[in-house]
Amino acid sequence: MSAFEFTPGDFPFENRNALLDDYTPDELVGRDEELQQYHAALQPAIDGSQPDNIFLYGKTGVGKTAATRFLLDRLTEGGQQHDVDIETRIFNCDGLDTSYQIGVEIVNSLLDDGEKISDTGHPRSKVYSKMWDAIESLEGLLILVFDEVDHLQDDSLLYQLSRARENDNLEKSRVSVIGISNDLAYRDDLSPKVRSSLCERSINFSAYDAGELKQVLQQRQSIAFQNDVLESGVVPLCAAYGARESGDARKALDLLLKAGDVAQEDATDVVATDHVERGRDLLEREEVTRGILGLNSHEKILLYAIATFDAAGQGEVRVRDLYPRYERFSELADRDPLTSRWMHNHLDDLDMLGLVVVEKRNEGSSGGHYKTIALNQDLEPVINALNETIEEVGIHETIRQWVSD
Ligand SMILES: Nc1ncnc2c1ncn2[C@@H]1O[C@H](COP(=O)(O)OP(=O)(O)OP(=O)(O)O)[C@@H](O)[C@H]1O
Ligand SMILES: [Mg+2]
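For every chain, the first residue of the written sequence is number 1, and numbering continues from 1 along that sequence. As a convention, the first chain written is A and the first ligand written is 1, with the rest following in written order. Since the coordinates come from a predicted model, pLDDT governs what is reported: local features require at least 70, and pairs of side-chain atoms require 80 or more to be given and counted, while whole-chain, interface and lining totals use all residues. Heavy atoms throughout the structure, all of them, feed into the side-chain values; hydrogens and water do not.

Secondary structure elements are defined from DSSP: runs of H or I of at least 4 residues count as helices, runs of E of at least 2 residues count as strands, and each element is numbered from the N terminus. Of the regular secondary structure elements, the protein holds 17 helices and eight strands. Each principal axis of the C-alpha atoms in the protein carries an extent, and together these give about 75 × 60 × 50 Å. Relative accessibility under 20% of the residue-type maximum defines a buried residue, over 50% an exposed one, and the middle range a partly exposed one, all with a 1.4 Å probe and only protein chains included. When each of the 405 residues of the protein is scored for burial, the buried share is 44%. In the protein, the proportion of contacts linking residues at least 24 apart, taken out of those at least 6 apart, comes to 73%. Approximately 20900 Å² of the protein is accessible, and the part contributed by carbon and sulfur atoms is 43%. Residues count as neighbours in contact if any of their non-hydrogen atoms are within 4.5 Å of one another. In this description, accessible areas are obtained by the Shrake-Rupley approach with a 1.4 Å probe, and a residue is regarded as covered only by the protein chains that are shown.

Shown next, in the form of structure tokens:
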């Protein structure tokens, strides 16, 4: 085989797509309790009755979307088999953030091509009345899922839909609403009337533990990888890291994928735990870079100032030493420095992003309280991600060895 040839099914993967986020597995493992509750909540549908509105919540990557797709597919199949009219529609509210936009999407998801409406230019009441007409013409049960519902900026539609029957908007059809969120405060922030109707039943998806993640990974690796290419320690290690990072299956699957990619580049015979470790380093770097690229210019200058103390071997720096350097760096970049109060607040934001660690210190009776700041990431990826800021400010002597002019 000549160099740089592309051949399908290359080692170590059998089906690499099975590790990507949009892949829906045929079976869900490690979610028995949650699936049981969710299944029971949907059961009235197949008995020709209306399920309660359901609110599904839990941290990111715990299977909320996967479980919903999985159960609604089965419910639709069950409906066809037992001759019960059940329609389901799933909307992701990330990007559809007003009731108006969702209303249009619902209408268009129910109408044929020639009848669809444009997504602007109608009074809201007209969108709603079209929506009721479209739902009414189903003459059956419609289950509407609003995934990432916390993106929705107003709850007018949620309220209308969850009260459709009581408000006489529907006679021949029924609507059940499922709201899904990983923002645990969202439910409490809803207005009481919406909360009581949307959250008739709440189902919590807990974080995965290492054992559950092992099951998820085991099942997926048998589809994604060729036979016998994973060393026995690979899946448990990815599961252990996933469990440590908030029990997120998405992260654990990403790590398994990255380990496979690293092994592929290495052109070895097996995927080993060392590939997992290197994959993890790469993922961490990517995450650091993403986090830094999302900062505004002043936050980047502040992080640059912190990095220079780290580069000089000073692990922790006090605010009173950091602020003057931030101030000088801002001036060098031709920007007006923000106040030290601003800096205090933004240090906490950088801490939340995992870029720095802010610690409060107490110097006994004499010294009072003060804060120390330390970089919480390897210097090199931080400096790489800050390269535009470094160009604006200039290369500080402490980091000269890390950057080329
Ligand atoms: N029990 C499981 N079995 C197999 N795969 C799973 C399981 N749980 C999650 N996954 C996979 O993990 C990834 C994340 O799951 P999912 O998208 O359902 O998370 P989520 O709870 O909806 O997260 P978010 O709040 O970020 O939307 C998906 O690729 C999904 O297929
Ligand atoms: Mg989801």
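The subject of this paragraph is the site of ligand 1. Around ligand 1, the structure places 23 residues, and the nearest of them are V29, T60, K64, T65 and Y208. Two N or O atoms form a polar contact when they lie within 3.5 Å of each other; inside protein one atom must be a possible hydrogen donor and the other a possible acceptor, and for residues adjacent in sequence the pair counts only when both atoms belong to side chains. Taking R220, its side chain carries an N or O atom lying 2.9 Å from a nitrogen atom of ligand 1. Contacts to ligand 1 include R250, whose side-chain N or O atom sits 3.0 Å from an oxygen atom. Calculation on ligand 1 without its partners gives an accessible area of 620 Å², and the protein chains cover 95% of this total. Going through the elements one at a time, α2 (64-81), α8 (210-224) and α10 (249-266) are the ones with two or more residues in the shell around ligand 1. Domain start and stop positions are those given by an automatic or database domain assignment. When residues of the shell around ligand 1 are sorted by domain, at least three fall in each of domain 1 (32-204) and domain 2 (222-291). Any residue with a heavy atom positioned within 4 Å of a molecule or strand is treated as near that molecule or strand.

What follows deals with the packing of aromatic side chains. Note on ring pairs: Phe, Tyr and Trp rings are taken, using the six-membered ring of Trp, and paired if centres are within 6.5 Å. Classes follow the plane angle, with under 30 degrees stacked, over 60 edge-to-face and the rest tilted. Tallied over the full model, the rule gives eight aromatic pairs. Look at F55 and Y57: their rings are 5.9 Å apart centre to centre, the planes differ by 15°, and that puts the pair in the stacked class. Of the residues examined, F55 reaches a relative accessible area of 1% and is grouped as buried. Each ring, one from Y304 and one from F329, has its centre 4.7 Å from the other, and the planes form 40°; the classification is tilted. Pair noted here: Y304 is in helix α12 (residues 297-311) and F329 is in helix α13 (residues 319-332), with a separation of 25 residues, a long-range link. With respect to burial, Y304 and F329 carry one shared label: buried.

This brings us to the sheet that holds strand β6 (residues 317-318). Whenever strands of a sheet pair, they do so through backbone hydrogen bonds, lying parallel or antiparallel. Here the rule is simple: two strands pair whenever DSSP picks up at least two bridges between them. Here three strands make up an open sheet; going across it, the order is β6-β8-β7 and the pairing antiparallel. The sheet terminates laterally at β6 and β7 (356-362), the two strands that pair on one side only. Where β6 meets strand β8 (residues 369-375), two bridges bridge the pair, whose relative direction is antiparallel. Among the inter-strand pairings, V317 is bridged to a residue of β8, identified as I373. Where α12 meets the sheet, its contacts fall on β6, β7 and β8, and the angle it forms with β8 comes to roughly 80°. Each axis is a line fitted through C-alpha atoms, taken for helices only over the stretch in contact, and angles between the N-to-C directions span 0 to 180 degrees. Each of β7 and β8 is contacted by helix α14 (residues 340-352), which is oriented at about 125° to β7, the strand it contacts most.

What follows concerns the UniProt feature "domain: AAA+ ATPase" (unreviewed entry) in the protein. UniProt positions are given in the numbering used here, feature names are shortened, and annotations may be inferred rather than shown by experiment. Mapped onto this structure's residue numbering, the UniProt feature "domain: AAA+ ATPase" (unreviewed entry) falls at residues 50-204. For residues 50-204, helix accounts for 39% and strand for 19%, while the C-alpha atoms at its two ends are 21 Å apart.

With respect to the element layout, H298 can be found in helix α12. Given the relative accessible area of 14%, H298 is considered buried. The contact partners of H298, leaving out residues within four places of it in the chain, are Y326, S330, R335, D336, P337, L338 and W342.

Where α10 meets helix α11 (residues 273-293), the closest approach of the two axes is 8 Å, and the angle between their N-to-C directions is 115°. As far as their axial angle goes, α11 and α10 are roughly perpendicular. Crossing of α10 against α11: the hand is right-handed. Contacts between α10 and α11 involve K251, D254, L255, K258, A259, V262, A263 and D266 from the former and H275, V276, R278, G279, R280, L282, L283, E286 and E287 from the latter. Roughly parallel means an angle under 35 degrees; roughly antiparallel, over 145; roughly perpendicular, 65 to 115; everything else is oblique. For a crossing to be left-handed, the near helix must be turned anticlockwise from the far one by less than a right angle; the clockwise case is right-handed.

Let's shift gears to the environment of L282. Locating L282 in the fold gives a position in helix α11. For L282, a relative accessible area of 38% translates into the label partly exposed. Along the backbone, L282 and K258 are 24 residues apart, and their C-alpha atoms lie at a distance of 8.1 Å.

Turning our attention to the packing of helix α9 (residues 234-244) against α10. Between α9 and α10, the least distance of the axes is 8 Å, while the angle of their chain directions is 140°. Comparing their axes, α10 and α9 come out oblique. You can see that α9 and α10 cross each other, and the crossing is right-handed. Counting all contacts with α9, which are made through V234, C238, Y241 and G242, the residues of α10 involved are A252, L255 and L256. In terms of residue class, the contact of α9 with α10 is built from six nonpolar, one polar and no charged. Throughout this entry, Asp, Glu, Lys and Arg are counted as charged residues, while Ala, Val, Leu, Ile, Met, Phe, Trp, Tyr, Cys and Pro are counted as nonpolar. The remaining residues, Gly among them, count as polar.

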